[in-house]
Structure formats: C-alpha cells, structure tokens
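Close look at the chain arrangement
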Amino acid sequence: MPNPVDTDEFAPCAPERRRELRARLGIEPSAPVVVFVGRLSPEKNLPALIRAFAAARRDVPDATLVLVGDGLLRNELESLAARLGLDSAVRFTGRQTAAEVRDWLQASDVFALVSISEGLPCSLLEAMSAGLPSVISDIPASVQLVEEDVHGLHAASGSPDLIAGALTRLLLDAPLRARMGAAARERMLAGYSIDKVMDRYQALFSEMLDAGLR
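Just so we're clear, the structure is a prediction, and the values are computed from it rather than from any experiment.

1. Structural notes on the overall build of the chain
A tally of regular secondary structure across the chain gives nine helices and six strands. In summary, the chain has a C-alpha radius of gyration of 18 Å against a globular reference of 17 Å for 214 residues, a match within 12%. Each principal axis of the C-alpha atoms in the chain carries an extent, and together these give about 70 × 35 × 30 Å. Going through the 214 residues of the chain one by one, you find that 50% of them count as buried. Expressed as a percentage of contacts within the chain between residues at least 6 apart in sequence, the contacts between residues at least 24 apart total 70%. Just so you have it, the chain exposes about 10200 Å², and 52% of that area is on carbon and sulfur atoms. For the chain, the distance from the average position of its 23 positive side-chain charges to the average position of its 29 negative side-chain charges is 2 Å.

The structure is reproduced here in structure tokens:
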C-alpha cells in the first residue's frame, strides 16, 4: 500500500505565485532550478548529483541547484560545491517545514533524486504532485513512480555523466518539462492522493472482514 500525498497542498501554482516565491527565495525569475529534498546522507548519492550539476551547468550556465534538507554530509557537500566553483550556484537551505518544502518545489523546474537506495520516496511523490518532472536513479523504488520519458528521466546512480545528460536535457527544454510535469501530476491524482489511497485501504479492510466472516 503506497504512502499518500496531499495533492491539494503539493500542487502546481499560478505564474504570479511562482514569481512571488522566486522573489522571496532569492531566485532569478528566469533561472532554471533543480531541487532535491531529503536528508543529506550517503544513500542519497548527493556528491554524484553535485558533480552532475557542475557538468550540466556548462550548457546551462544560469542554472541553480537547491538542496532542501540537512544531515551529516552537509559540510562535505558544501566543500565539494566550493571546489567545483559552484559557491553561488548550489544553495543549502537546511531543514525546512512542510510548507517551505512546498514553496521550494513550486519555485523549481526539475526534481532530482539519484539515490542508491530508497523505500517509497515521499519527496518524489510530493515533487510529482507539485507538477515537476524528475531525474531519478534507476532503482526500483523510484522507477515504479516515474516512467522514462513520461514523468521524467532515468539515469544510473553511479554515473554523474548520465545524470548530467538527463538534467541538461530537461533544463534546456521547457515544453518537455511542462509535458512531463503535467503527466507526473496526473499520476499522483490518479493513484496516490489521500482519497485514492484511503479507498484502497477501505477495499482491503472490507476484503479481510469478508474473508473472516466466511
């Protein structure tokens, strides 16, 4: 049984709201933004994401990477970004509330989750619900949610070059982002909203009760 996502809270926002969010968050109106949400921990494979972003930025020099969350690797990741000359291009927000996470998603263009292992990633559910296309690692937990070339792009978690290629493709193609983001939102509404998941639990409980009475 999947975790549900609040599709009313995590929803695409109007262009005016997006402009207001970007102004408040200090993001240039036209800057392409890649966002990650989660713990800054080893299984998230964030050094590979930062290296991939550095490569993608050669083709998209005004792009920004935002890492929403905190964890043991923060100092290491900040040092890596500095060594790669990304001081002003990679932002570390620290721990954020659910409302702040929603704001970062609504202000961004692409969600990235290139973990080496996951359960069912709630951050990916929320990003898809907010209408973002994703670049994900090709692990079962993420692939079950994101169909290649429909809701986002897959890349091997151990290959910064492949991750960079996927990021670049999405960052340079606004119509592709819009198409995939809309498909991602539709997938969440169809199968992962609170109402849909509750319906599945009710059906399961009814089946179990019926079986117990027989």
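2. Here's the deal with the side chain of D109
Following the sequence through the fold, D109 ends up in the loop between α4 (98-107) and β4 (110-113). With a relative accessible area of 10%, D109 lands in the buried category. There is a polar contact of 2.7 Å between the side chain of D109 and the side chain of R18. Engagement of the side chain of D109 in a polar contact is seen with the side chain of R22, the distance being 2.9 Å.

3. Re the pairing of strand β5 (residues 134-137)
Here β5 shows a buried face lined by S134 and I136 and a second buried face lined by V135 and S137. The pairing of β4 with β5 spans three bridges and is classified as parallel. Residue pairing across strands places F111 opposite S134, the latter belonging to β5. In terms of strand pairing, β5 meets strand β6 (residues 152-155) through four bridges, oriented parallel.

4. Describing helix α7 (residues 160-171)
Along its twelve residues, α7 runs 16 Å from first to last C-alpha, staying within 8% of the 16 Å computed at 1.5 Å per residue. For α7, the elements touching its buried residues are β1 (33-37), α2 (46-56), β4, β5, β6 and α8 (174-191).

5. Details of the environment of R19
Looking at where R19 falls in the secondary structure, it is placed in helix α1 (residues 15-25). The exposure class of R19 is exposed, given its relative accessible area of 54%.

6. Focus: the pattern of salt bridges
Applying the stated rule across the entire model yields eleven salt bridges. Between R22 and D109 there is a salt bridge, with its nearest N and O atoms 2.9 Å apart. One end of the pair, R22, is in helix α1; the other, D109, is in the loop between α4 and β4, with 87 residues separating them in the sequence. Note that R39 is salt-bridged to E43, the shortest N-O span being 2.4 Å. What you see here is one network of salt bridges that share partners, running through E9, R17, R24, R102 and D103.

7. Points about the side chain of N45
Tracing the backbone through its elements, the reader meets N45 in the loop between β1 and α2. Non-local contacts of N45, meaning those with residues more than four positions away in its chain, are made with V114, S115, I116 and S157.

Rules behind the numbers
- What you see as residue numbers is a count from 1 along each chain, following the sequence as written.
- For this predicted model, a pLDDT threshold of at least 70 governs which residues receive local features, and a threshold of 80 or more governs which side-chain atom pairs are given and counted, while totals over whole chains, interfaces and linings are taken from all residues.
- Processing note: side-chain calculations cover all non-hydrogen atoms of the structure and skip hydrogens and water entirely.
- Comment: elements are numbered from the N terminus, with helices defined as DSSP H or I runs of at least four residues and strands as E runs of at least two.
- We compute the radius of gyration from the C-alpha atoms alone; for a globule the expected value is 2.2 Å times N to the 0.38, where N is the number of residues.
- Only protein chains enter the area calculation, which uses a 1.4 Å probe; residues under 20% of their type maximum are buried, those over 50% are exposed, and those in between are partly exposed.
- In this analysis, two residues are considered to be in contact whenever any of their non-hydrogen atoms come within 4.5 Å of each other.
- To be clear on the numbers: accessible area is Shrake-Rupley with a 1.4 Å probe, and residue cover counts the displayed protein chains and nothing else.
- Charge assignment in this entry is limited to Lys and Arg as positive and Asp and Glu as negative, and neither His nor the chain termini are counted.
- To locate a charge, take atom NZ for lysine, CZ for arginine, CG for aspartate or CD for glutamate.
- Whenever two N or O atoms come within 3.5 Å, that pair is a polar contact, provided that in protein one can donate a hydrogen and the other can accept it, and provided that, for residues adjacent in sequence, both atoms are side-chain atoms.
- A pair of strands is considered paired only if DSSP assigns at least 2 bridges between the two.
- Working rule for helices: expected span equals 1.5 Å times residues minus one.
- Within this document, salt bridges are pairs made up of a side-chain nitrogen of Lys or Arg and a carboxyl oxygen of Asp or Glu, the two lying within 4 Å of each other.

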